[in-house]
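Residues per chain are reported as follows:
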Amino acid sequence: MSSAKNELSALGRKIFLDRYALKDVRKETLKVGDVVVAVSNPKTGQREIGVVTELKAADGITVKLDDGIVLHVKREDVDKPLEIEPAQMLARVAKGIASIEKQEVRTQWETEFNWLLEDWKFVPGGRILTGAGTDQNLTYFNCYVIPSPKDSRGGIIASLGQMTEIMSRGGGVGMNISSLRPRHSYVKGVNGRSSGSVSWGGLFSFVTGLIEQGGSRRGALMLILNVWHPDILDFINSKREMGKITNANISVGITDDFMEAVRKDGDWETYFPDTTDPAYNTDWDGDINKWKSNGHKVVVYQKQKAKKIWDAIVESAWASAEPGVFFIDRYNKMSNSWYYSTIQSTNPCGEQGLPPWGVCNLGSINLSRFVENKKVLYKDLGRTVRAAVRFLDNVIDDTPYFFEENKKQQLSERRIGLGTMGLADMLIKMELAYGSDESLLFIEELYKFICIEAYDESSDLAKEKGSFPYFDADKLLQSGFMKQMPQDLREKVRKQGLRNVTLLTQAPTGTTGTMVNTSTGIEPYYFWEWERTGRMGTNIERVKVYEDWVKAHPGQKKPSYFVSAMDLPPEGHVKVQAAIQKWVDSSISKTGNTPKEYTVEQTGKLYELLYDLGCKGGTTYRDGSRDTQVLTAKKEEKEEPKVEKPVVSRSTEPKPRVRSTVLQGTTYRKATPIGTAYITVNCDGPNPSDIFEVFINVAKVGSDVAADAEGLGRLISLMLR
């Protein structure tokens, strides 16, 4: 392991101080010499780290930044961290989470949690780092799924309220909208026709784009529509039409019988509950299997080849990276909670399938810290897994709850999301090429070890503190996941119980992974080095694990075990995901990167491979899939009147230009150190000077990078107008 404790790069230090360090919110203790986070550019909101050199009258403050630049800012543009060193934050978090333990063992577990957090062996989710050990009323949960909306105006507005409340407190939301009746369906109460599930999905998406989480990022939303729903083709194509669903990830809920029909080139019927059924308004909640098993009728809408729908999914994914696929039947067959709840949706990044009102906290083991001389430090890793399970279980009892439904659901099943980061670093240190046959054997062995250690600890916790209230040994052991467990562990669970219904997940860990300077989630690196241009000039920066190798091997050629995301064949991405999925009881956030020349047919085979290898879902991203692609403007049912451009007089202030309903645009591709960026430029006329607005997309929806890019696009658009 590294000898430097709690080491941070310059960027990592900035993330720590800006996002997670405890702050003096009122700035009552602010004085000369204090380290502060200061807004260096009010227009963009860019923030930098510096030291206060002067406090002026009228709330003026002079700050000298780390790079020597001097800023003169207002008091409101400065935050004072009370924690300057990571050890202070980690001690606070360890003490806060240990406070759940009984008084007589509290000090013992505080010491163990300090060991766990030291040197970034285990990195809790950002919500935990921010809130634990403080008196702030902040949720520690990252992942939420709310119930499918009731199919009424009141039900939709109620779901909208739930979504906005969760997002405003920093949580990401998943929702299955299959409960909403299809487009043009008759609505008896108003003697009219429904606008359809996709239209209402657009409303949820639009509101998501308006919500700021902590002033730093937009809300994050996942919308899922099941493949039996009559609006499915409209939903599949919704991300390819401007103005439909723009601020949400979308996935199709794929059933096993649909996949069978695709394989056999069979017919597929789309259907929806009979809305005239007397039980419709009271019993219908989006669970079609429960509706049919209770003897209620469905109405068939269309009959077509299953392959037509499958091909639409594949083509759209090839062209625009969405929709993803969510194998909903498989998820529920493998789920430990199959006997008391149905998983209908995942969180925005896809790593947590949750029941209605389900929540989950997150934390990741930093695998890069557990390699020495090309060997895994399994003893330390096992201790870390066990301490992390106890830590995350304590989070459930320490976090504030702001919806009673969330509290009731979580205390009944006690879901935790233990994951990993730094897998790519670990493989490089072991000189294993990411995605190679040798690495796949190792990966399965590694994640099996983590899984068994986690479940063994959860069973011991059940003996000490009690099983989750919904625990039923006979039924839980019938889940697809538990059937593959070693027999001795199954018997231990039967005898002692289980503290948590699910324990394992693989989150993207974008911000926390970047903070501790390791590869994020289970992803390979995208670049090994890049040019960074700043106020002090241009310099070459490298990924740390590569920089360390370069220093140790000057002038030598990079070895073959340095495998980037685009070096790896697309099938390799899927094989890594499948090897890990076997030993993860929840799911995985991972993108399967494909080269620009990848065909629609190859994309289809890749999606089939996801299904064949046992994955619970997935997405693919074809490099350059939006290059110079003219976006399809939203179709209007009525012709809109033409809007003339306002004339700007030399003697008056310029007036903002009015946006036409339909604009033409082109999307450009640009490689960046954190993935490919897609920059959409829309014009309201034929000349270069007619540029009207700019959209910038990079990284996953809901991530900090994506939010920053979106903010930059909005700023440019405002200036253009």
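Figured I'd write up the structure that's included with this text. (Residues numbered from 1 in each chain as written. Predicted model: local features only at pLDDT ≥ 70, side-chain atom pairs only at ≥ 80, totals over all residues. Heavy atoms only, no water.)

**Overview of the packing of aromatic side chains**
Here's step 1: According to the stated counting rule, one finds 31 aromatic pairs in the structure shown.
Here's step 2: Seen from their ring centres, Phe122 and Phe391 are 5.5 Å apart, and the 75° between their planes marks the pair as edge-to-face. Here Phe122 is found in strand S6 (residues 122–124), whereas its partner Phe391 is found in helix H13 (residues 378–398), with 269 residues between them in sequence.
Here's step 3: What makes Phe391 buried here is its relative accessible area of 0%.
Here's step 4: Cluster of aromatic residues (ring-pair linked, three or more members): Phe141, Tyr144, Trp357, Tyr401, Phe402 and Phe403.
Here's step 5: Positioned over the ring face of Phe327 is Arg330, at 5.7 Å from the centre of the ring. (Phe/Tyr/Trp six-rings, centres within 6.5 Å; stacked < 30°, edge-to-face > 60°. Helix = DSSP H or I, 4+ residues; strand = E, 2+ residues; numbered from the N terminus. Buried < 20%, exposed > 50% of the residue type's maximum accessible area, 1.4 Å probe, protein only. Lys NZ or Arg CZ within 6 Å of the ring centre and 35° of its normal.)

**As for the pairing of strand S15 (residues 267–273)**
Consecutive side chains of a regular strand alternate in pointing toward one face of the sheet and then the other.
Here's step 1: Burial within S15 is extensive, with five of its seven residues counted as buried.
Here's step 2: Strand direction decides the pairing type here: S15 and strand S16 (residues 298–305), joined by seven bridges, are antiparallel. Each residue of the ladder has a partner; that of Thr270, found in S16, is Gln302. (Pairing = 2+ DSSP bridges.)

**Describing the environment of Asn247**
Here's step 1: Inspection of the secondary structure assignment puts Asn247 in the loop between helix H7 (232–236) and strand S14 (249–254).
Here's step 2: Spatially, the C-alpha atom of Asn247 lies 9.9 Å from that of Leu203, the residues being 44 residues apart in sequence.
Here's step 3: A polar contact is formed between the side chain of Asn247 and the side chain of Thr246, at a distance of 3.4 Å. (Polar contact = N/O pair within 3.5 Å; in protein donor to acceptor, adjacent residues only side chain to side chain.)

**Some points on the pattern of salt bridges**
Here's step 1: Per the counting criterion, the structure on display carries 43 salt bridges.
Here's step 2: A salt bridge links Asp234 to Lys244; its shortest N-O distance comes to 2.5 Å. In this pair, Asp234 is assigned in helix H7 and Lys244 in the loop between H7 and S14, connecting sequence segments ten residues apart.
Here's step 3: Residues Glu431 and Lys374 are paired through a salt bridge, measuring 3.7 Å at the closest nitrogen-oxygen approach. Highlighted residues: Glu431 in the loop between helix H15 (423–429) and helix H16 (437–465) and Lys374 in the loop between strand S21 (371–372) and strand S22 (375–376), separated in sequence by 57 residues.
Here's step 4: Accessibility expressed as a relative area gives 46% for Lys374, which makes it partly exposed.
Here's step 5: Each of Arg386, Glu453, Asp456, Glu457, Asp460 and Lys492 takes part in one network of salt bridges that share partners. (Salt bridge = Lys/Arg side-chain N within 4 Å of Asp/Glu carboxyl O.)

**Some thoughts on the environment of Ala699**
Here's step 1: The topology assignment puts Ala699 in the loop between strand S31 (691–697) and helix H24 (704–720).
Here's step 2: In contact with Ala699, not counting residues within four places along its chain, are Val705 and Ala706. (Contact = heavy atoms within 4.5 Å.)

**Some details on the sheet that holds strand S1 (residues 35–41)**
Here's step 1: Spatial ordering of the open sheet is given by S4-S3-S2-S1-S5, a layout of five strands whose pairing is antiparallel. Of all strands in the sheet, those with a lone pairing partner are strand S4 (70–74) and strand S5 (78–79), marking the two edges.
Here's step 2: Bridge count for strand S3 (residues 60–65) against S4 is five bridges, and the pairing is antiparallel. What sits directly across from Thr62, in S4, is His72.
Here's step 3: Those strands touched by helix H1 (residues 10–20) are S1 and strand S2 (46–55), and its axis lies near 75° from that of S2. (Axes fitted to C-alpha atoms, helices over the stretch in contact; angles between N-to-C directions.)

**Considerations on H16**
Here's step 1: Its 29 residues place the ends of H16 42 Å apart at the C-alpha level, agreeing with the 42 Å of an ideal helix rising 1.5 Å per residue.
Here's step 2: Remark: Gly466 follows H16 within two positions and exhibits a positive phi of approximately 105°. (Expected span 1.5 Å × (residues − 1).)

**Regarding the nonpolar core**
Here's step 1: One finds Phe391, Leu423, Tyr447 and Tyr455 to be the most contacted residues of the largest nonpolar core, which totals 83 residues.
Here's step 2: Not counting the four nearest positions on each side in its chain, Tyr455 is found in contact with Asn336, Phe481, Met482, Met485, Leu489, Leu498, Val501, Leu503, Leu504 and Asp585. (Core = buried A, V, L, I, M, F, W, Y, C linked by side-chain atoms within 4.5 Å.)

**Remarks on the packing of H16 against helix H22 (residues 570–581)**
Here's step 1: Contact geometry of H16 with H22 gives a least axis separation of 8 Å together with a crossing angle of 25°. Judged by the angle between their axes, H16 and H22 are roughly parallel. The interaxial crossing formed by H16 with H22 has right-handed handedness. Mapping the contact onto sequence places Leu440, Ile443, Glu444 and Tyr447 in H16 and Lys575, Val576, Ala579 and Ile580 in H22.
Here's step 2: Partitioning the contact of H16 with H22 into residue classes produces six nonpolar, no polar and two charged. (Parallel < 35°, antiparallel > 145°, perpendicular 65-115°, else oblique. Left-handed = near helix turned anticlockwise from the far one by under 90°. Nonpolar A, V, L, I, M, F, W, Y, C, P; charged D, E, K, R; others polar.)

**Some remarks on unusual backbone geometry**
Here's step 1: Residue Glu322 is joined to Pro323 through a cis peptide bond whose omega torsion reads 10°.
Here's step 2: Counting through the fold element by element, Pro323 comes out in the loop between helix H11 (306–320) and strand S17 (324–327).
Here's step 3: The phi dihedral of Asn6 falls on the positive side, at around 55°, and the residue is not glycine.
Here's step 4: Its place among the elements puts Asn6 in the segment before H1.
Here's step 5: Exposure remark for Asn6: the relative accessible area of 13% places this residue in the buried category.
Here's step 6: At Glu431, a position not held by glycine, the phi torsion is positive, near 60°.

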